[in-house]
Amino acid sequence: LIPLSSALAENELCSLLSEYEAGAVFVSPKFAELGLAVERRLPELTVITDPGRRLSRESAYSETQLPDVDPGAPAFLFRNSEGAAAMISHQNICSALAAIASTADIGSYTFLCPVYWGGAFDCTMGLLLPLLSGCTLIRRREKRGVSRAIAESEATALTCTPQRLRNLERSLRFRSEQNLSKTAIAMYNALDRLSHIPLLDLSKRMRRRVRRLMGDKLQLILCGGGYPEWDSARRFSDWGIEVRTYYFTPECGPLAVGDSSGKKLLPLAELTVPSPIYGELGELCVTGDRIPIGYYNGRADFPNGFPTGDMGLLAEDGTLELRGRRKTMLCGRDGEPLFPEELAQVIKRNRYVSDCVITGRFDTKTSDVILTARITPDLREVRAVIGEKYSDNRLRLFFQRIMEKLEPELPRKINEFKVVG
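Residues numbered from 1 in each chain as written. Predicted model: local features only at pLDDT ≥ 70, side-chain atom pairs only at ≥ 80, totals over all residues. Heavy atoms only, no water.

Chemist: Help me understand the sheet that holds strand 20 (residues 368-377) in this model?
Modeler: One key point about sheets: their strands pair by backbone hydrogen bonds, in either a parallel or an antiparallel sense. The strand order 19-20-21 describes an open sheet built from 3 strands, whose pairing is mixed. Every other strand in the sheet has two partners, leaving strand 19 (353-363) and strand 21 (416-419) as the edge strands with one partner each. Neighbour-to-neighbour, the strand axes of this sheet turn through a mean angle of 20 degrees, independent of strand direction. Running at roughly 135 degrees to strand 21, helix 13 (residues 392-406) makes contact with strand 19, strand 20 and strand 21 of the sheet. (Pairing = 2+ DSSP bridges. Helix = DSSP H or I, 4+ residues; strand = E, 2+ residues; numbered from the N terminus. Axes fitted to C-alpha atoms, helices over the stretch in contact; angles between N-to-C directions. Contact = heavy atoms within 4.5 Å.)

Chemist: Help me understand a positive patch on the surface, please; the structure alone is not making it clear to me.
Modeler: On the surface, Lys204, Arg205, Arg207, Arg208 and Arg212 cluster together into a positively charged patch. Of note, Arg212 is situated in helix 9 (residues 202-213). (Patch = residues over 30% accessible without salt bridge, like charges linked within 9 Å, V, L, I, M, F, W, Y side chains within 5 Å. Areas by Shrake-Rupley, 256 points an atom, 1.4 Å probe, with all protein chains shown as cover. Salt bridge = Lys/Arg side-chain N within 4 Å of Asp/Glu carboxyl O. Lys, Arg positive; Asp, Glu negative; His and termini not counted. Charge placed at Lys NZ, Arg CZ, Asp CG, Glu CD.)

Chemist: Looking at this structure, how should I read helix 12 (residues 379-386)?
Modeler: Note that an α-helix has 3.6 residues per turn; residues three or four places apart therefore point the same way. Taken as a whole, helix 12 has its buried residues at Glu381, Val382 and Ile386. The buried residues of helix 12 occupy an angular sector of 110 degrees when the element is viewed end-on, so they sit on one face. Next to the buried residues of helix 12 lie helix 7 (162-176), strand 20 and helix 13. (Buried < 20%, exposed > 50% of the residue type's maximum accessible area, 1.4 Å probe, protein only. Arc of directions from axis to C-beta.)

Chemist: Sorry if this is basic, but what is going on with the nonpolar core here?
Modeler: Note that soluble globular proteins tend to have their nonpolar side chains buried in a common cluster. Of all hydrophobic cores here, the largest spans 48 residues; its most connected members are Ile106, Phe111, Tyr247 and Leu320. With 9 residues, the top contributor of residues to this core is helix 5 (residues 120-132). Counting residues in hydrophobic clusters, the runner-up holds 25 residues, among them Ile358, Ala373, Leu395 and Ile414. (Core = buried A, V, L, I, M, F, W, Y, C linked by side-chain atoms within 4.5 Å.)

Chemist: Whenever I open this one, unusual backbone geometry confuses me. Can you help?
Modeler: Note: most residues except glycine have negative phi, and most peptide bonds are trans. Located in the positive-phi region is Glu154, a residue other than glycine, with phi close to 60 degrees. What makes Glu154 partly exposed here is its relative accessible area of 48%. Phi angles above zero are rare outside glycine, and Ser367 is one such case at about 55 degrees. Within the secondary structure layout, Ser367 lies in the loop between strand 19 and strand 20. Exposure remark for Ser367: the relative accessible area of 40% places this residue in the partly exposed category.

Chemist: Looking at this structure, I do not really get helix 6 (residues 146-153). What am I missing?
Modeler: If you check which residues of helix 6 are buried, you get Ser147, Ala149, Ile150 and Ser153. Axial view of helix 6: buried residues confined to an arc of 165 degrees, hence all on one face. Within two residues after helix 6, Glu154 carries a phi angle of roughly 60 degrees, on the positive side.

Chemist: Hey, could you run me through the confidence of the model for the protein in this one?
Modeler: Detailed reading of predicted coordinates is not advised where the pLDDT is low. Mean pLDDT over the protein: 82, with 84% of residues reaching 70 or higher. With pLDDT under 50 throughout, residues 195-201 is counted as low confidence; its partners more than four residues away or in other chains account for 5 contacts. (pLDDT = per-residue confidence, 0-100.)

Chemist: I would appreciate a short explanation of the packing of helix 12 against helix 13 in the present structure.
Modeler: When two helices pack together, their arrangement is given by the angle between the helix axes and by the axis-to-axis distance. In the contact formed by helix 12 and helix 13, the axes pass within 12 Å of each other and the chain directions differ by 100 degrees. Taken as axis vectors, helix 12 and helix 13 run roughly perpendicular relative to one another. Across the interface between the two elements, Val382, Val385 and Ile386 of helix 12 pack against Arg394, Leu395, Phe398 and Phe399 of helix 13. (Parallel < 35°, antiparallel > 145°, perpendicular 65-115°, else oblique.)

Chemist: I tried to follow the packing of aromatic side chains on my own but got confused; where do I start?
Modeler: Note on aromatic pairs: each is described by the distance of the centres and the angle between the planes. Summed over all chains, the structure comprises 6 aromatic pairs. A ring pair is formed by Phe236 and Trp239, whose centres lie 5.3 Å apart and whose planes are at 80 degrees; its orientation type is edge-to-face. Judged by its relative accessible area of 0%, Phe236 is buried. By relative accessible area, which is 2% here, Trp239 ends up buried. Plain terms: the ring middles of Tyr352 and Phe398 are 5.2 Å apart, the flat faces sit at 85 degrees to each other, and that makes the pair edge-to-face. Separated by 46 residues along the polypeptide, Tyr352 in the loop between helix 11 (340-348) and strand 19 and Phe398 in helix 13 bring together distant segments of the chain. On the accessibility criterion, Tyr352 (18% relative accessible area) is buried. Three or more aromatic residues joined by ring pairs form one cluster here, namely Tyr295, Phe302 and Phe306. The ring of Phe174 has Arg380 lying over it, and the distance from NZ or CZ to the ring centre is 4.2 Å. Sitting above the plane of the Phe417 ring, Arg396 keeps its charged end 4.6 Å from the centroid. (Phe/Tyr/Trp six-rings, centres within 6.5 Å; stacked < 30°, edge-to-face > 60°. Lys NZ or Arg CZ within 6 Å of the ring centre and 35° of its normal.)

Right under this line is the structure:
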């Protein structure tokens, strides 16, 4: 199974597929023309542009045992963020699927197919995991919102990335609060922050509203990505929907899973920090069966373990603490590492913020980093407070008050901010 990637040209793809005698290739709709061209040149190859239609639980892939193939043979080709095609073996995929299966029993669930294919997460957790676990896959109709697709298909499980989870949570919350008074919404938000105090039944009403929007069938969400979305996962749990959070990398699959508290990550692979840069903090490396074969026409030797590009540390209790990406890390005064992801995560918790990007520049006068937050507002939420007509200055003053309230929660002070979009 080799998802078609744009990282290779037609001739290179045909050569690669012929060399490893590939039987099927998954094609993202974006590269449908390229897939058809490859199929014409390789008539023995099956090109699948819609896995939800072509594959079902009765297909040959519903068995828990893969065909008799070389464990080290490439089974997966995709394009990473740097534009290189990474090669993953059958052994990598089997280890990744076994790690997920050890944390959740999903055999009885009905999964909603992802809209797009070609990414490692969608193919591993959205396709292979449900199929090899004997689940039912329901094809999602195009031009349908996620919540509407869940309601129409009566799916009981869903796979998504942290960003998709956050977008779905915000959309459901906004729709569920429509036609409610500002007083009721304020009361719900207060109860949400003080959920351990049973003051009113408003939170239960909001829960019923949200579940009705999704057909009241969804029970489980498997969420995987580079940085966990804890707040959105907690809100879904409050709505009665279990969220399994995974630290997932395209090359190695799920490397850790969130514990029951929703605050810590438990490793699912052999992780090490061979070269700490600040205390016990350093780049996480993977050893064992999860190391990929390498990159197509690129590096294939990883003597000290496969570098994930993520910075973190392994605590004494065996849990994993993620801090951020190595390539985005900033160095403050005295070499203190600063991670934009940690700061952005706190700011994005605010309901009026749709997205946030943190950048930094070195100040020669103070020998420190000046941090700038570029905030994309959620205009639906903002307009509900300040009205449809507002000036740029009023919008800036609105977010200035928000940044002042968030300052005690930030691990590092933001020096300046800009409202964009």
